[in-house]
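# Topology and contacts: notes
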Amino acid sequence: MAVMITDSCINCDACIDECPATAIVSADNAPVAGAEHTYVKPEKCIECVDSAVPKCADACPTEGCIVWDMPYTESYNDYYTQSDNYVIRVHKKKGLMSPLVAPRPYRENITAETREQHVSVGETLKLYN
Ligand code: SF4
Ligand code: SF4
């Protein structure tokens with residue numbers, strides 16, 4: 001990832017068009033069965049590393065809704081491929097777009113502890129100001 005959208009999402013979909021990586025889809029288009037809220041595809045999220053702040057969290061009206069998840073890197077391959085929270089895309093030629101096959105950029109200043117605790121992105125925005 002990545003960032004993750006949590007149960008407090010009100011499905012306003014304001015974040016979808018803001019994502020520079022087209023990583024966010026509405027609940028209806030989420031790949032997980034029975035999705036009830038907007039979903040971030042971790043295999044696409046780049047944590048907005050080239051921007052001052054993650055664009056989705058900046059656009060979201062629901063405080064604490066978007067939280068940090070683990071980096072989409074080789075070390076977290078099992079985390080993402082064996083999770084109930086995610087269904088990773090299968091590319092026609094490359095196969096499963098796992099962290100092993102296609103790692104994504106991530107913000108190194110967000111600690112593993114912050115990610116494990118799924119701290120809200122909004123709470124950490126001050127790090128970029
Ligand atoms: S952090 Fe950036 S790249 Fe990731 S889902 Fe949010 S807007 Fe998209
Ligand atoms: S902007 Fe926030 S509340 Fe709206 S769909 Fe995205 S994550 Fe959910």
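Use the structure listed above.
For clarity, every value in this text was computed on a predicted model and none was experimentally measured.

Okay, the overall build of the chain next. For the chain, the count of helices and strands is four helices and six strands. Helices and strands appear in the chain in the N-to-C order β-β-β-α-β-α-β-β-α-α. A globule of 129 residues ought to have a C-alpha radius of gyration of about 14 Å, and the chain, at 14 Å, matches this closely. Across its three principal axes, the chain shows a C-alpha extent of roughly 40 × 30 × 25 Å. Classification of the 129 residues of the chain by burial places 33% in the buried group. Counting only contacts in the chain whose residues sit at least 6 apart along the sequence, the fraction spanning at least 24 positions is 68%.

On to the site of ligand 1. Lining the immediate surroundings of ligand 1 are 15 residues, of which C19, C45, C48, P54 and C56 lie closest. Considering only residue class, the shell around ligand 1 consists of twelve nonpolar, no polar and three charged.

Here the focus is the nonpolar core. When a protein is soluble and globular, its nonpolar side chains tend to lie buried together. The biggest cluster of nonpolar side chains holds 26 residues, and the ones touching the most others in it are V3, V40, C56 and I66. Elements that contribute at least two residues to this core include exactly β1 (3-5), β3 (39-40), α1 (55-59) and β4 (66-68). When near neighbours in sequence (up to four residues on either side) are disregarded, C56 contacts V3, C15, E18, C19, I24 and I66.

The residue D13 is not glycine, and still its phi comes out positive at about 65 degrees. Its place among the elements puts D13 in the loop between β1 and β2 (24-25). Accessibility expressed as a C-beta count within 10 Å gives 16 for D13, which makes it partly exposed.

Conventions and cut-offs
Residues numbered from 1 in each chain as written. Chains lettered and ligands numbered in written order. Predicted model: local features only at pLDDT ≥ 70, side-chain atom pairs only at ≥ 80, totals over all residues. Helix = DSSP H or I, 4+ residues; strand = E, 2+ residues; numbered from the N terminus. Rg over C-alpha atoms; globule rule 2.2 N^0.38 Å. Buried ≥ 20, exposed ≤ 12 C-beta atoms within 10 Å, placed from the backbone. Contact = placed C-beta atoms within 7 Å. Near = placed C-beta within 6 Å. Nonpolar A, V, L, I, M, F, W, Y, C, P; charged D, E, K, R; others polar. Core = buried A, V, L, I, M, F, W, Y, C linked by C-beta atoms within 7 Å.

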